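Chain by chain, the residues run as shown.
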Amino acid sequence: MTDLGGFRDRVAHVDLGDSDVNYRSIDEEDARKYIGARGLGVKYVFDKGPDVDPLGPENRLAFMTGPLTGTQTVMSGRIALVTKSPLTGTVTDSHHGGWSGARLKWAGLDGILFDGKADEPVYAVVEDGDLELRDASHLWGQGVHDTIDEIEEEIDGKVGRNVSVMAIGQGGENEVKYACVVNEDDRASGRGGTGCVMGSKNVKAVVVKSGTEMPKPADPETFQEGYQQAMTAIQESDVTAPNEGGLSQYGTNVLMNITEEMDGLPTKNAKYTSTRAFSEEEGVDVDAERVSGENVRENILVDEPTCHSCPVACKKEVETDVTHKGQEMNVRTESYEYESAYALGPNSGHTDRDEIALMIQKCNDLGIDTIEVGNIIAMAMEMNEQGKLDVDLDWGDSETMIDLIEDIANRDGDLADLLAEGAERIADRKGAHDNKLSVKGQTIAAYDPRCMKGMGIAYATSNRGACHLRGYTPAAEILGIPEKVDPYEWEGKGELTATFQDLHSVSDSFDICKFNAFAEGIEEYVLQYNGITGRDVTEDELYEAGERIYNLERYYNNLVGFDGADDTLPNRFLEGHEDAIPGQGGSEGELCELEEMKAEYYEHRGWVDGVVPDEKLDDLDIEVGPGTGVSTGGEGAAPADD
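Since this is a predicted model, take the numbers as computed values, not measurements.

### A few points about unusual backbone geometry
In this structure, Ser335 follows Glu334 across a cis peptide bond, with omega equal to 15 degrees. Following the sequence through the fold, Ser335 ends up in the loop between β15 (327–333) and α12 (338–344). Of note, the amide linkage connecting Ile481 to Pro482 takes the cis form, showing an omega dihedral of 0 degrees. Along the chain, Pro482 falls in the loop between α19 (474–477) and α20 (493–510). You will see that Asp9, though not glycine, has its phi angle at about 60 degrees, which is positive. When you line up the elements, Asp9 lands in the segment before β1 (11–15). Non-glycine residue Lys268 carries a positive phi angle of around 55 degrees. Mapped onto the elements, Lys268 comes out in the loop between α9 (255–261) and α10 (275–282). With a relative accessible area of 2%, Lys268 lands in the buried category.

Okay, structure coming up:
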């Protein structure tokens, strides 16, 4: 057990096949080495062994909070879902905000580990430190929103008051490879297919009904010092300060106009680096400003809800009316995010603000990742244009996109069934590898690596497939945090990316929002962590914990079979590739010098061609062998046979 502050020291281990629930303490050494949330979740998944079918009963799905979750710590309402991804085959973690992480902690649990598969659909209810499985057969087939409404009636609670519901929609039930888990209607653990794993286990929802007992700091004086420093930093930051034009004013979509002006917005399946270049070259009427945070705020914003202990309130709830195939629809959804707007808009060849709002609403209700589905539809549009698909799906056809999203979630028809499998499987089946925008099977986010070279190495080396949140180099390349770096310069980006990756491993394991990193630094992290837990770690020790977590994930992936060959980018971004498409406008002629950055990155990491060697495992005190579910062969992680 652990005596560290911030923990309830109680994790529910759920054997779905036997409908059995046991409660176990957290090993204190694990808590010290892997912190919590993402880190502990990865350790729990690693201990099951990597040689599992992501959709088989042996795959573990972990819902984990961290030691700072649900405390007074700023932006501490998050929860990590960790599992082996059915989309990528890697270990993956996906987080969401709102109140479910805090409520799980307040309800007396640090986490839930789901093993096995239920014979019939179930949902879990957590209250007063205990977890009960209930029949969910009547909820199967329903979307997230209706599921939440019915559960509220059954448990006599109210979402937003004393209840959180984390549910899957039809996408998870039908095992769409990028299905997600949606919390409180519209906040998703979007990436990696966690909802697909949940559906494969016949789990419809996790319901948390709780009081509001907040964990107390073990060292109140140290914690208050860190908390006050953090609040001051957030209130003084141009990015996070309330009502100062950054995240608080426009949400994540504050970046739409910025990346457009930088010529760093992937457009038309990343053939172009801005909507401006697309419009000028092809004579179309597409303009990123129409789907920007500024446009949204001025025209369709109706509310600005926030998460537990967050002064920023980046969520931008919108309401608008849309006519789809002659039918008038009222759309209200939270939130109109930058990544969603990019993938469902410019990258798919259109900028209809209100129809994108409808698509976001549908994705949230059906439980599928907005980034993945938008990028995959864009891939299909390009394949159709090149004759690799024979379907009625043209660039900018937003009406067809709206219907196709629903078809994909239900696997309704051959095209939808194909697109539900993800970019890598589509490419394999249709000979379309030059059309995919994926790394390790997961598609890129709204930052073009021809314009932001750090994002190129970050996509390539992300342990969960292409991702902007493993190492958010745009903080330095766009926003100048912690200092401004030239986005077009590749040198130094390997080390910069590794530093961001380790720091984000720490914050994801606390579990606090990424956006705190726009204002806070390692000093505030150390003070708040030590204050909550009662530890006395140094900045170097906390960085080392982040490095340990990142290397454990990489070692897991090595055991699955991933190595340096998988640390690559879509062909159109790569310097020297015959299918490369240079950037336009301000990024004219630019391509990504990936091999140079990889060499720098691997040297900094101490990896050999993307593989963690034994001496690195020893240096970081990563245990392998008996009791961990895996063994080491003496030469680092030997990739498995294909």
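So much for the structure itself; the text now carries on.
### Examining the pattern of salt bridges
Applying the stated criterion across every chain yields a total of 52 salt bridges. Measuring nitrogen to oxygen at the nearest pair gives 2.8 Å for the salt bridge that ties Asp263 to Arg276. With Asp263 in the loop between α9 and α10 and Arg276 in helix α10, this residue pair connects regions lying 13 residues apart in the sequence. On the accessibility criterion, Arg276 (29% relative accessible area) is partly exposed. Through salt bridges with shared partners, one network takes in Arg38, Asp93, Arg470, Asp508, Lys514 and Glu553.

### A look at the environment of Asp303
The residue Asp303 is located in strand β13 (residues 301–303) in this model. Residues Asp303 and Leu569 lie 266 residues apart in sequence; the distance between their C-alpha atoms is 38 Å. With near-sequence residues (within four places) excluded, Asp303 lies in contact with Lys315, Lys316, Glu317 and Arg332.

### Things to note about the packing of aromatic side chains
Throughout the structure, instances matching the rule amount to 14 aromatic pairs. Measuring from centroid to centroid gives 5.6 Å for Phe510 and Tyr525, while their planes differ by 80 degrees, and the two rings are edge-to-face. In this pair, Phe510 sits in helix α20 while Tyr525 sits in helix α21 (residues 522–533), placing the two residues 15 residues apart along the sequence. For the pair Phe515 and Phe518, a centre-to-centre distance of 5.8 Å together with 15 degrees between the ring planes defines the contact as stacked. We classify Phe515 as buried; its relative accessible area is 19%. Overall, Phe518 belongs to the buried group, its relative accessible area being 11%.

### Brief notes about a negative patch on the surface
A cluster of acidic residues, Asp15, Asp18, Asp20, Asp119, Glu120, Asp135, Asp146, Asp149, Glu150, Glu153 and Glu154, forms a negative patch at the surface. For the negative patch, the element with the most residues is helix α4 (residues 144–155), which contributes five residues. Structurally, Asp15 is set in strand β1. Residue class for Asp15 comes out partly exposed when judged on its relative accessible area of 31%.

### Here we look at the sheet that holds β1
What the six strands build is an open sheet, ordered β2-β1-β6-β3-β4-β5; its pairing is mixed. Edge positions in the sheet fall to β2 (20–24) and β5 (91–96), since each has one partner strand and no second. Put simply, the sheet's adjacent strands are angled 15 degrees from each other on average, direction ignored. Of the pairings in the sheet, the one linking β1 to β2 comprises five bridges and is antiparallel in character. When the sheet's bridge partners are listed, Ala12 is paired in β2 with Tyr23.

### What about the packing of helix α2 (residues 37–47) against helix α22 (residues 539–560)?
Two elements in contact, α2 and α22, have axes separated by 10 Å at closest approach and are oriented at 30 degrees. Considering their axes alone, α2 and α22 lie roughly parallel with respect to each other. For the pair α2 and α22, the sense of crossing is left-handed. Of the residues in α22, those in contact with Arg38, Gly39, Val42, Lys43, Val45 and Phe46 of α2 are Ile549, Tyr550, Leu552, Glu553, Tyr555, Tyr556 and Leu559. Residues belonging to the contact of α2 with α22 are distributed by class as follows: nine nonpolar, one polar and three charged.

### A word on the packing of α2 against α20
The angle between the axes and the distance between the axes are what describe a pair of packed helices. Direction vectors running N to C along α2 and α20 enclose 90 degrees, while the axes themselves pass 5 Å from each other. As judged from the angle between their axes, α2 and α20 are roughly perpendicular. Judged by residue contacts, Ala37, Arg38 and Gly39 of α2 engage His504, Ser505, Asp508 and Ser509 from α20. Taken together, the residues of the contact of α2 with α20 break down into one nonpolar, four polar and two charged.

### Side note on the sheet that holds β13
Sheet architecture is open: three strands sit in the order β13-β14-β15, paired in antiparallel fashion. Single-partner strands in this sheet number two, and they are β13 and β15. The mean inter-strand angle of the sheet, taken between neighbouring strand axes irrespective of direction, is 30 degrees. Along the sheet face, helix α13 (residues 353–366) touches β14 (317–324) and β15 and points at about 70 degrees away from the line of β15.

### Regarding the nonpolar core
Counting 146 residues, the largest nonpolar core has Tyr336, Ile408, Tyr447 and Leu542 as its most contacted members. In this structure, Tyr336 is in contact with Asn253, Val291, Val296, Ile300, Lys316, Val318, Ala341, Arg353, Ile356, Ala357 and Ile360, ignoring residues within four places of it in sequence. Core analysis: the second largest hydrophobic core is formed by 25 residues, Ile79, Leu81, Phe114 and Met166 among them.

### What to know about the side chain of Glu553
Tracing the backbone through its elements, the reader meets Glu553 in helix α22. By relative accessible area, which is 2% here, Glu553 ends up buried. Polar side-chain contacts of Glu553 include one of 3.1 Å to the side chain of Asn463. Excluding its chain neighbours within four sequence positions, the residues that come into contact with Glu553 are Arg38, Val42, Val91, Asp93 and Asn463.

The rules behind each value
- Residues numbered from 1 in each chain as written.
- Predicted model: local features only at pLDDT ≥ 70, side-chain atom pairs only at ≥ 80, totals over all residues.
- Heavy atoms only, no water.
- Helix = DSSP H or I, 4+ residues; strand = E, 2+ residues; numbered from the N terminus.
- Buried < 20%, exposed > 50% of the residue type's maximum accessible area, 1.4 Å probe, protein only.
- Salt bridge = Lys/Arg side-chain N within 4 Å of Asp/Glu carboxyl O.
- Contact = heavy atoms within 4.5 Å.
- Phe/Tyr/Trp six-rings, centres within 6.5 Å; stacked < 30°, edge-to-face > 60°.
- Patch = residues over 30% accessible without salt bridge, like charges linked within 9 Å, V, L, I, M, F, W, Y side chains within 5 Å.
- Areas by Shrake-Rupley, 256 points an atom, 1.4 Å probe, with all protein chains shown as cover.
- Lys, Arg positive; Asp, Glu negative; His and termini not counted.
- Charge placed at Lys NZ, Arg CZ, Asp CG, Glu CD.
- Pairing = 2+ DSSP bridges.
- Axes fitted to C-alpha atoms, helices over the stretch in contact; angles between N-to-C directions.
- Parallel < 35°, antiparallel > 145°, perpendicular 65-115°, else oblique.
- Left-handed = near helix turned anticlockwise from the far one by under 90°.
- Nonpolar A, V, L, I, M, F, W, Y, C, P; charged D, E, K, R; others polar.
- Core = buried A, V, L, I, M, F, W, Y, C linked by side-chain atoms within 4.5 Å.
- Polar contact = N/O pair within 3.5 Å; in protein donor to acceptor, adjacent residues only side chain to side chain.

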